[in-house]
Structure formats: C-alpha cells, structure tokens
Amino acid sequence: MRTNNRVTFPWPLLRFWTFRILPVWFLLALMIFLVQLAVCGIVHDNERVKAFLQYIEILPSFIKALLGGDVLQVGNIAGLIAIGYQDPFVLLLYMLYAVGVPTALLAGEVQRGTMELILSRQVTKTHVYICAGIITVVGMYALVLVMFSGTVVATNLYDFDQTVPLYAFFKIVIVGGLLASAIGSIALLVAACFRRGTAVSLTVAYLVVNYFVSIIAEWWPQMKWLKPTTIFYYEPGPEIFNESVWPVSDMCVLMAILVVCTVAGGVIWHRRDLPL
C-alpha cells in the first residue's frame with residue numbers, strides 16, 4: 001500500500017495569517033481612505049485652496065517639492081487631488097504595512113520560535129514564504145485600490161469646478177500598485193535574510209533613503225542624475241495627467257523588481273537554516 005507523501009498547500013495557515021493581519025490592514029486602509037476624502041474636501045473649495053497654497057508658498061521649497069511641486073496651482077484640480085497620493089503620512093502608512101507584515105510573518109515567527117511548530121505540520125518552507133508573500137503583495141496593492149476608491153467616493157460627495165480625470169487616477173493607481181508590491185517584495189527579501197530587528201532597520205533605511213533622495217533630486221538640479229536610482233522614480237505620479245499612454249517602461253521596471261526580489265527571497269528562505 002502506497003503512502004501519499006504529497007504536501008498540500010497550507011490554506012489554514014494562509015487563513016490564520018490573513019485574519020491576524022486583517023485588523024491592521026483595515027485600520028491602515030481606513031486612514032488612507034479618509035485622507036483622500038479630506039484632501040478632496042479641501043480642494044473642491046477655491047477659497048480653501050488659495051489659503052492652502054498661500055501657506056505652502058511660505059514653506060521651504062523642498063517641502064513644496066515633497067507635496068507635489070509645480071502641480072500645486074489654483075485650477076489644477078487633478079494635481080491638487082494627487083497631493084493625497086503622495087502625502088508623507090499616506091506613504092508612512094504604506095511603509096508600516098510593507099515593513100511590518102513580512103518581518104512579522106517570517107523573521108518574527110523564527111525569532112519567537114513558532115516557525116518550527118509551523119514547519120512540523122507538513123508545511124514546507126516554500127509554502128510559508130508563499131503565504132507571507134501573498135499577504136504582503138496583495139495587501140499592498142489592495143491598499144492602493146482603497147486609496148483610489150476614496151477619490152471616486154469624494155468626487156461623488158463634492159462638486160468640482162472641473163471634471164476630475166478618474167481614468168488618469170486609475171493609471172496612477174495601477175502603477176502605484178506595482179510600486180507598492182515591489183516595495184513589499186523588497187521587504188520580503190530582507191525578511192527572508194535577516195532577523196526581525198535587522199530586517200526592519202534595513203527595509204526602513206532603504207525606503208527612507210530612496211524617498212529623500214527622490215525629493216532632493218527633484219528640488220536640487222545638480223542632483224537630478226540620482227533620480228533613476230530610486231524606486232520612486234518609476235512611479236510618474238502627476239506626470240501621467242499630461243500623457244495619454246501608459247508608462248509601460250516604468251511598469252516593466254517595477255514588475256522586474258517585484259519578480260526578482262520575490263524569487264530571490266524565496267530561494268534564500270528555502271535554503272536558510274532555521275532557527276538562526
């Protein structure tokens with residue numbers, strides 16, 4: 001009599017981890033959604049827009065670049081709404097999910113000693129990595145879709161002097177989703193390589209350095225050559241409003257980062273001796 005040694009995909013583990021992460025995801029999604037409503041609530045009122053832009057003008061130029069740069073003009077409704085897509089607080093929320101989830105599910109379980117228990121239940125290390133990857137990458141992309149839904153809802157709640165180009169925002173969201181997923185894959189790779197504290201520190205440092213280099217390169221002409229070295233360069237943002245075509249080359253770069261980092265993390269995780 002033959003014994004079936006085939007290991008099936010651990011759906012219970014995926015469900016358990018999903019429900020464990022879901023409250024955090026809902027909290028982050030709610031805050032991102034409310035930020036979009038708040039931004040649209042300000043932008044639809046011309047007097048509020050003028051007051052906001054007057055306040056922006058007295059701030060240092062690098063802060064204006066951080067919030068959107070030249071798109072911050074009265075009458076540029078789409079550009080002003082896009083502030084909510086690159087607001088530092090919104091980016092911080094994405095970073096919390098991207099850094100916290102893979103490090104908690106991979107490095108965190110190893111550090112707590114529970115990974116040995118998980119692997120003792122006919123679950124392979126590859127399956128564990130796939131579960132963590134699904135929750136990280138899909139969760140990041142879903143957060144971006146929530147951000148877009150906030151814009152859609154806001155355009156139906158408020159009256160605007162101009163037509164809001166939702167199709168352009170949809171393009172931003174698709175490319176932004178790839179960016180978010182690519183960042184999630186980088187966090188997965190780091191979490192597969194290091195202990196939790198080191199993984200968190202390295203991932204946060206990478207994202208913070210990339211973000212500030214992209215801001216400095218935008219603000220300081222002599223540093224513009226650094227822009228292509230940052231991952232945020234491949235999310236065109238407001239530039240999409242001026243182009244009718246999709247930024248295919250940028251999307252291919254982000255997809256390549258997503259695939260390479262995810263596969264590399266999986267290979268390293270599979271070969272890693274646990275616990276460290």
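Here, the structure is the one placed above.
Remember, it's a predicted structure, so these values are computed and weren't measured experimentally.

About the cut-offs
- Residues numbered from 1 in each chain as written.
- Predicted model: local features only at pLDDT ≥ 70, side-chain atom pairs only at ≥ 80, totals over all residues.
- Heavy atoms only, no water.
- Helix = DSSP H or I, 4+ residues; strand = E, 2+ residues; numbered from the N terminus.
- Buried < 20%, exposed > 50% of the residue type's maximum accessible area, 1.4 Å probe, protein only.
- Contact = heavy atoms within 4.5 Å.
- Core = buried A, V, L, I, M, F, W, Y, C linked by side-chain atoms within 4.5 Å.
- Salt bridge = Lys/Arg side-chain N within 4 Å of Asp/Glu carboxyl O.
- Polar contact = N/O pair within 3.5 Å; in protein donor to acceptor, adjacent residues only side chain to side chain.

## Digging into the overall build of the protein
When helices and strands are counted, the protein shows 11 helices and zero strands. The helix and strand sequence of the protein, counted from the amino end, reads α-α-α-α-α-α-α-α-α-α-α. A burial count over the protein gives 48% of its 276 residues as buried. Counting contacts in the protein only where the partners sit at least 6 residues apart, residues at least 24 apart contribute 79% of the total.

## Side note on the nonpolar core
Across soluble globular proteins, nonpolar side chains show a tendency to be buried alongside one another. One finds Trp-17, Tyr-97 and Val-128 to be the most contacted residues of the largest nonpolar core, which totals 76 residues. Of the residues forming this core, the biggest block, 15 residues, is contributed by helix α9 (residues 166-193).

## Digging into the pattern of salt bridges
In this structure the tally under the stated criterion is two salt bridges. Across the pair Arg-112 and Glu-109 runs a salt bridge whose closest N-O atoms are separated by 3.4 Å. One end of the pair, Arg-112, and the other, Glu-109, are both in helix α6 (residues 88-112), three residues apart, so they sit about a helical turn from each other. For Glu-109, a relative accessible area of 4% gives the class buried. A cluster of three or more residues bridged by salt bridges with shared partners is formed by Arg-20, Glu-109 and Arg-112.

## Let's talk about the side chain of Thr-103
You can see Thr-103 is positioned in helix α6. A polar side-chain atom of Thr-103 sits 2.5 Å from the main-chain carbonyl oxygen of Val-99. Within the local environment of Thr-103, its side chain forms a polar contact with the backbone oxygen of Gly-100, the two atoms lying 3.1 Å apart. Sequence-distant contacts of Thr-103, that is, excluding residues within four places in its chain, are made with Gly-108, Ala-191, Arg-196, Ala-199 and Val-200.

These values are about where atoms sit, not about what they do.
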